[in-house]
Structure formats: C-alpha cells, structure tokens
Amino acid sequence: MDTREPVIIIRDLCKAFGSNVVLDHFDLNLYRGENLVVLGKSGSGKSVLIKCIIGLLRPDSGRIEVFGQNVPDLRYEELDQIRAKVGFLFQSNALYDSMTVRENLEFPLRRHWMHTGQKQVDELVQMVLESVGLPHTVDMMPAELSGGMRKRIALARTLILKPAIILYDEPTTGLDPITGMEIIELIREVQQQYRTSSLVITHDLKLVKLAGERIIMLIDGKCYAQGTYDEMKTSTDPKVRAFFE
Amino acid sequence: MSDYSINKALLDEIGDLARFTARFFREVFRPRYEFSEFAHQCFVIGYKSLALVGLTAFILGLVLTMQLRPSMVRYGVEAQIPAMVSIAIVREIGPVITALIFAGKIGSSIGAELGSMRVTEQIDAMEVSGTNPFKYLVVTRTLAATLMLPVLVVLSDAISLYGSWIGVNIYDVLSLKLFWTQVIENLAYYDAIPALIKCFFFGFAVGIVGCYKGYYSKKGTEGVGRSANSAVVMASVFIFILDLLAVQITELVWYY
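To keep things clear, this report deals only with the structure shown in the data block. (Residues numbered from 1 in each chain as written. Chains lettered and ligands numbered in written order. Predicted model: local features only at pLDDT ≥ 70, side-chain atom pairs only at ≥ 80, totals over all residues. Heavy atoms only, no water.)

1. A look at the pairing of strand S1 (residues 6–17) of chain A
Residues and elements named next belong to chain A.
Stage number 1. Pairing of S1 with strand S2 (residues 20–31) involves eight bridges; the strand directions are antiparallel. Bridging from a neighbouring strand, Leu13 pairs with Phe26 of S2.
Stage number 2. Linking S1 back to S2 in an antiparallel pair, the connection comprises two residues, with Gly18 at a positive phi of about 65°.
Stage number 3. Inspection of the sheet shows S1 paired to strand S4 (residues 61–66) by five bridges, in the antiparallel sense. (Pairing = 2+ DSSP bridges. Helix = DSSP H or I, 4+ residues; strand = E, 2+ residues; numbered from the N terminus.)

So this is what it looks like as structure tokens:
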C-alpha cells in the first residue's frame, strides 16, 4: 500500500461530448511532491482531464478530489480557493495580449491575494521572472516575446501564487527541440525549487523520459497502464509499445 | 442545409442569446464589481469612437441638407430646412446611423477580441486566475456600450447639425445663432427623449451581441473572423428591429 499523501484523487471519471466518450471511468492518484506524466495520443482526452481537475469542464460523473474536496461539488468561491493552490500552464500559454508581462504576472496575484501591497507585488514579480530567467522582459508585451519566452512567462504567472500543484498542458508542444529541452529543465527546476506536485499532460516522449517519475497511459478514455518510463518502454502490451516505437 | 435545419439553428441561436442576456442580468448586480475595467471600457468604447462618429455625423448633416435643399426650394420652404433636418436627425437618422457605425466599430472589435481570447485560452486563464470572465469581460463591455452610445448620439446629433448649418451656408447666409434658434424652437421633448431612450437599447444590443459572438467563438482563427462579422450583422438587424418597436411604443405612450 502506498503511504504517500495524495493531493489529487480521481475515481470513475467519465466525460463525453455527445456520442464521443472521452474519459471512461478514469482513475488517477497524484501524490505530494510527485511528477506524474499522463501520456496519450492527440485527441485522447488528456486536456479534457486536466480541465475537469481545475473545474473548467464539468465531468458527467465520477469524483475529482483536490486536497480532499470534490471539485464538481464546489461552489464558485470554494473553487477559487482551490484554484489559488493549483497552477495551470496552458498549451497556448494564454498570456493576455493587451497586458505587459508585469500586468500578466500581477493579474492572478491581485485577484487571489487582493490585499497584497505594491512593494510585495513588485518583489514577487521580480522573483518569479528570475526563476524563469527572464527578468529583463518585465515591461515587454507578449507579442514581442519568442515562443519559448512566452512559455517561460506563462510558467512564471503560474508560479507567482506559489501553487502546491501545477498542471501542465502539453508544455513542449510547438517549441523547437532545444527550447523544448530548456522548458523540460525548467519544469524539473521548478519542482525542486518550489516543491510542487506536477501533473504533466503530453505526447512528447523526451518530456516523459526526463520529467516523469511515474507515467500513466491514457488509452480509450481509461488509465490503461502505469509505471516508470523504463517499465513502460519494456512493456509487451502492443498498445503501450506503439508509443515507444 | 434543409429549411428545418436552418430554422432549428436560428431558434437555437435566439435561445442561446436569450440565456446569455439573462446571465448578464444575473451577474450585473452581483459583487464583485469590476469598476476599473468598466471605466477602461468606457474610455475604449466611448472616447475612441468619437472621431469616427464625429466625422460621419458631420458629413451626414452636410449631405442631408444639400440633398434636401432642391425640393425645399421648389416648394418655397427653404427657411424650414433647419427645422426639418433637426427633427430628422434627432428623431431617427442620428441614433440609427450612429448605432450602425457603433455596431461596425465596437461590435466587431468586441467580437474579435473576445473570440481571440477564447481561442487562445485567455478566458480560461482568467477563470483559473480567480476572475469571473463573464463579469470581467461581458458585463463591463455591455454596460460601457449601453452607456456610451447615448452620449455619442447626443454629440453626433450636435455635430450633424453643425454640418447642416454649413450646408445651408453653402447656398444662403444664415447665422449660427438663428440656425440654432430655429432648431431648438422646432424640437420638442417628444422628439428628443424617446430617441435618447432607444439609444440605450441600441447600445445594449451592440454590446451583448458582440460579447455573445466572441464569448462562444468556435476554435480557430476562422471562427474569430466569423464572430466579428456576425456580431456586426446581428447587431445591425437588432438595431432596426428595436427601432421599429421604439416607434410603435413611442406612438402608444405619447398619444394614449
């Protein structure tokens, strides 16, 4: 029996869009301090899964417990309190085009921690920008940044609330291999520096290998297999092997 | 596409828009109030539309006067031009033309802005950042459009009438003071108040339709373009429908 403390527990999660069943009695545990990777092909429902966890999508049935609270049952205010502890790195970065980097970083801070003074806000902005290696971009607009820089700023915006869990939605998609490697390194550094639990959704095997302590394979809407990278790679199951060939 | 499918799609759209509007009225009175974003939107929607509205209003007043003059001269009533132009502008042409220009500029920009925010997950990001995106984006923009259009119409009416005065002076000589005296003497509350009231409804229609189209924009850049375009078309149709209703209601209320 696993004695580690789970921060996310998912049981029997089902989600369908019309007749298209995306998640079919899906189960998952994310433990404190763990880097868990959910691997699946495009369109397999990985993004739907983490959007259900953060409350952006409502599941059809099943339980999603985050810090012991069932997300689908929460009221808006309660969900906000959970969201303050759970960071979300969007696949498209989702930086606000009309705001500078500073304003992008200040936005969640001002919303969740309304009584934070300007001096403390400035310090936090500077600190997270240094964490992602981009302190000089503070007054730039997102359109002036490269793809990798935008990803770093998006991660900085996630980190500014010091979340206990970070959900990464395809963090290396659309990046060149070198920048992708830098982002993978950054994810590992962030986990060590901030001691977060991470749930990474991806189909990038390099990311799986380097960042994943445990891997769950999402196939046909179910948790089809789980284990370490090496266990998965040496699996004899044809559906699992198909990812590594 | 069969007639049945077209009718069903139309009814679905009307139903969705009605639900979206009902949600606006639920959210508008509920805290937290986004005052600073509302003020910013008033600046963007109102102040930044002023130049376009002012220019078109000036040309409208000038052209209307020049087009009207030959007929008025033929019947020997050219002295009535200020009265006729002022009634036409204040009661109908000013509100409707300004609202249509407003729909073109603001409806499309709201539709495109919210559409691109939807497609690039910025609306989702706002939600996980502890912000109700409906309140922050939809309520503020719709309220700003509702309040700013009447202000723009009052200004555009005044600018149109200055354009008209210049139009009169191209052929005749009429002092500005006399022109305005004739305008004021011939305008009644019956002309101005219903026209001003209907502007709030026009502004609301432009704001809510632009937000609805953008907020539910489908994925992809094509969807953003379609949202902007259909926001203008739908808002323009609503403006004419509301205008038709307004004239009927005004007749009923004022005469009975």
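2. Side note on the sheet that holds S4(A)
Residue and element names in this part refer to chain A.
Stage number 1. With antiparallel pairing, four strands are arranged side by side in an open sheet as S2-S1-S4-S5. The open sheet has two edge strands with one neighbour each: S2 and strand S5 (69–70).
Stage number 2. Helix H1 (residues 46–53) contacts S1, S2 and S4 of the sheet and is inclined by roughly 120° relative to S1. (Contact = heavy atoms within 4.5 Å. Axes fitted to C-alpha atoms, helices over the stretch in contact; angles between N-to-C directions.)

3. Re the packing of helix H1 (residues 3–28) of chain B against helix H8 (residues 189–215) of chain B
Residues and elements named next belong to chain B.
Stage number 1. Remark: H1 packs on H8, axes separated minimally by 10 Å, with the N-to-C direction vectors making an angle of 110°. The pairing of H1 with H8 is recorded here as roughly perpendicular in orientation. Relative to H8, H1 is oriented so that their crossing is right-handed. Of the residues in H8, those touching H1 at Glu13, Asp16, Leu17, Phe20, Thr21, Arg23, Phe24 and Phe25 are Phe204, Ile208, Val209, Cys211, Tyr212, Lys213 and Tyr215.
Stage number 2. Considering only residue class, the contact of H1 with H8 consists of 10 nonpolar, one polar and four charged. (Parallel < 35°, antiparallel > 145°, perpendicular 65-115°, else oblique. Left-handed = near helix turned anticlockwise from the far one by under 90°. Nonpolar A, V, L, I, M, F, W, Y, C, P; charged D, E, K, R; others polar.)

4. A look at the layout of surface pockets
Stage number 1. Taken as a whole, the second largest pocket encloses approximately 580 Å³ of empty space.
Stage number 2. Lining the second largest pocket we find 24 residues, and of these A:Met99, A:Phe107, B:Glu37, B:His40 and B:Tyr136 sit closest to its centre.
Stage number 3. At the level of elements, helix H3 (101–112) of chain A together with helix H2 (35–45), helix H4 (81–119) and helix H6 (133–171) of chain B are the ones that each hand at least two residues to the lining of the second largest pocket.
Stage number 4. Of the residues belonging to the lining of the second largest pocket, the class tally is 11 nonpolar, five polar and eight charged. (1 Å grid on protein atoms, 1.4 Å probe; cavity = no way out; pocket = protein on both sides within 12 Å on 5 of 7 lines; lining within 4 Å. Points joined across faces, edges and corners; volume = space filled by probe spheres on them.)

5. Let's talk about the side chain of B:Asp243
All names here are of chain B.
Stage number 1. Tracing the backbone through its elements, the reader meets Asp243 in helix H9 (residues 221–255).
Stage number 2. Using a relative accessible area of 10% as the deciding quantity, one classes Asp243 as buried.
Stage number 3. Here Asp243 is in contact with Glu92, Val96, Lys198 and Phe202, once residues within four sequence places are set aside. (Buried < 20%, exposed > 50% of the residue type's maximum accessible area, 1.4 Å probe, protein only.)

6. Brief notes about empty space enclosed by the protein
Stage number 1. By the definition in use, this model includes two cavities of 30 Å³ or more.
Stage number 2. By volume, the largest cavity is sized at about 150 Å³.
Stage number 3. Lining the largest cavity we find 15 residues, and of these A:Phe88, A:Arg157, A:Thr158, B:Val128 and B:Ser129 sit closest to its centre.
Stage number 4. When contributions to the lining of the largest cavity are tallied by element, the ones reaching two or more residues are helix H2 (76–85), strand S6 (86–89), H3 and helix H5 (147–159) of chain A together with helix H5 (122–128) of chain B.
Stage number 5. Here the lining of the largest cavity takes three residues from S6(A), the largest share from any one element.
Stage number 6. Among the residues forming the lining of the largest cavity, the class breakdown is nine nonpolar, four polar and two charged.
Stage number 7. Here the second largest cavity is characterised by a volume of approximately 40 Å³.
Stage number 8. Taken together, B:Val53, B:Thr56, B:Ala57, B:Leu60, B:Gly94, B:Ile97, B:Thr98, B:Ile101, B:Ser156 and B:Ser160 form the lining of the second largest cavity.
Stage number 9. Among the elements of the structure, helix H3 (50–74), H4 and H6 of chain B are those that each provide at least two residues to the lining of the second largest cavity.
Stage number 10. For the lining of the second largest cavity, the per-class residue count stands at five nonpolar, five polar and no charged.

7. As for the sheet that holds strand S8 (residues 197–202) of chain A
All names here are of chain A.
Stage number 1. With mixed pairing, the six strands of this open sheet are ordered in space as S6-S7-S8-S3-S9-S10. At either margin of the open sheet sits one strand with a lone partner, and together these are S6 and strand S10 (222–227). On average, each strand axis in the sheet is tilted by 20° relative to the strand beside it, whichever way the strands run.
Stage number 2. Sheet topology note: the strand S9 (residues 214–219)/S10 ladder contains five bridges and is antiparallel. The partner of Leu218 across the bridge, within S10, is Cys223.
Stage number 3. Its contacts with the sheet put H5 on S6 and strand S7 (165–169), and the angle it makes with S6 is roughly 170°.

Interpretation note: all reported values are geometric properties and have no functional meaning in isolation.
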